[in-house]
Amino acid sequence: MNRSTRIEDDIVALLPRLRRFARTITRHSSDADDLVQAAIERALRSTAQWQSGTRLDSWLFRIVKNCWIDEIRARTRRNRLFAPEEDGEQVGVSYTQRQIDAMAVQKAMEQLSEDQRMAVGLVLIEGLAYKEAASVLEIPVGTLTSRLARAREALQAVLSDTRQEPQ
């Protein structure tokens, strides 16, 4: 098996993690799918730039992050929806507490800044070490730590307010 085929197989194995990270930073499944597709296309065109012996997942997370930055820069201001389309998919369906909690967490994540969502996505969701996540985001570890601390505080404040609301 040649190097290119092995890298392609490894990329395929990482797709669920890449999509989860993309969903974390884009906040919309369709945008996440588009972002992952763009990142994979870029990665496949650039496999010669990946250095054997380094972490492929970090390289791919960095490509996803850079594709998102490129997408944000390229977008023109457009009308915003009051609620994402996905919020209406389950209308009329009885929700379990687990689903309600998941929606509260998703809503709380949407209130974080993009930098905080990326940090949370890499460290708390994807499980990358602080040093590795900082490398992916191309920031110092101290900056990553600060972003995570602020994100945790914000999430905790929003989620504790949600739980205290009368039912």
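All values reported here derive from a predicted model rather than from experimental measurement.

J.: Honestly, the pattern of salt bridges in this entry has me stumped. Any pointers?
T.: Pairs can form between side chains of opposite charge whenever their charged atoms are close. This structure, assessed with the given rule, holds nine salt bridges. A salt bridge links Arg17 to Glu126, with the shortest nitrogen-to-oxygen separation between them at 2.9 Å. Within this pair, whereas Arg17 is found in helix H1 (residues 3–26), its partner Glu126 is found in the loop between helix H5 (114–125) and helix H6 (130–137), the two being separated by 109 residues in sequence. Its relative accessible area of 22% is what places Arg17 among the partly exposed residues. In this structure Glu126 comes out as buried when scored by relative accessible area, which is 9%. The partner of Glu138 in a salt bridge is Lys65, with the nearest N and O atoms 2.9 Å apart. Of this pair, Glu138 sits in the loop between H6 and helix H7 (141–164) while Lys65 sits in helix H3 (residues 56–74), and the two are 73 residues apart along the sequence. In this structure Lys65 comes out as buried when scored by relative accessible area, which is 5%. Three or more residues joined by partner-sharing salt bridges are found here, namely Arg17, Arg20, Arg55, Asp57 and Glu126.

J.: Looking at this structure, I do not really get H5. What am I missing?
T.: Along an α-helix, a turn takes 3.6 residues, which lines up residues three or four apart on a common side. Along H5, the residues classified as buried are Gln116, Arg117, Met118, Ala119, Val120, Gly121, Leu122 and Val123. Positioned one or two residues after H5, Gly127 has a phi angle of 80°, which is positive.

J.: Please clarify how the nonpolar core should be interpreted in this entry.
T.: Most often, soluble globular proteins keep nonpolar side chains buried together rather than apart. Grouped together as the largest cluster of nonpolar side chains are 42 residues, with contacts concentrated most on Leu18, Leu60, Val64, Leu122 and Leu144. Those elements that provide at least two residues to this core are H1, helix H2 (29–45), H3, helix H4 (97–110), H5, H6 and H7. No other element matches the eight residues that H3 contributes to this core. In contact with Val64, other than residues within four places in its own chain, are Leu18, Phe21, Ala22, Ile25, Leu35 and Ala39.

J.: What's the story with unusual backbone geometry in this structure? I'm lost.
T.: Apart from glycine, the bulk of residues carry a negative phi angle, and the bulk of peptide bonds sit in the trans form. A positive phi angle, near 75°, is found at Arg27, a position not held by glycine. Note that Arg27 resides in the loop between H1 and H2. A positive phi angle, close to 60°, is found at Glu138, a residue other than glycine.

J.: What is the right way to look at H3 in this model?
T.: In this model, H3 (19 residues) spans 27 Å end to end at C-alpha, consistent with the 27 Å of a helix rising 1.5 Å per residue. Those residues of H3 that sit buried are Leu56, Asp57, Ser58, Trp59, Leu60, Phe61, Ile63, Val64, Lys65, Cys67 and Trp68.

J.: Teacher, can you tell me more about the packing of H3 against H6 here?
T.: Packed helix pairs are characterised by how far apart their axes lie and by the angle those axes make with each other. Running from amino to carboxyl end, H3 crosses H6 at an angle of 40°, the nearest separation of the two axes being 8 Å. Accordingly, the angle class assigned to the pair H3 and H6 is oblique. By crossing handedness, the relation of H3 to H6 is classed as right-handed. Residues Ser58, Phe61, Arg62 and Lys65 of H3 form the contact with H6, whose participating residues are Glu132, Ser135, Val136 and Leu137.

J.: Would you explain the packing of H5 against H6 in this entry?
T.: Contact pair H5 / H6: the axes reach a minimum separation of 9 Å and the direction vectors enclose 140°. Relative to H6, the element H5 is oriented oblique. Crossing of H5 over H6 shows right-handed handedness. In contact with Met118, Ala119, Leu122 and Val123 of H5, H6 contributes Tyr130, Ala133, Val136 and Leu137.

What counts and what doesn't
- Residues numbered from 1 in each chain as written.
- Predicted model: local features only at pLDDT ≥ 70, side-chain atom pairs only at ≥ 80, totals over all residues.
- Heavy atoms only, no water.
- Salt bridge = Lys/Arg side-chain N within 4 Å of Asp/Glu carboxyl O.
- Helix = DSSP H or I, 4+ residues; strand = E, 2+ residues; numbered from the N terminus.
- Buried < 20%, exposed > 50% of the residue type's maximum accessible area, 1.4 Å probe, protein only.
- Core = buried A, V, L, I, M, F, W, Y, C linked by side-chain atoms within 4.5 Å.
- Contact = heavy atoms within 4.5 Å.
- Expected span 1.5 Å × (residues − 1).
- Axes fitted to C-alpha atoms, helices over the stretch in contact; angles between N-to-C directions.
- Parallel < 35°, antiparallel > 145°, perpendicular 65-115°, else oblique.
- Left-handed = near helix turned anticlockwise from the far one by under 90°.

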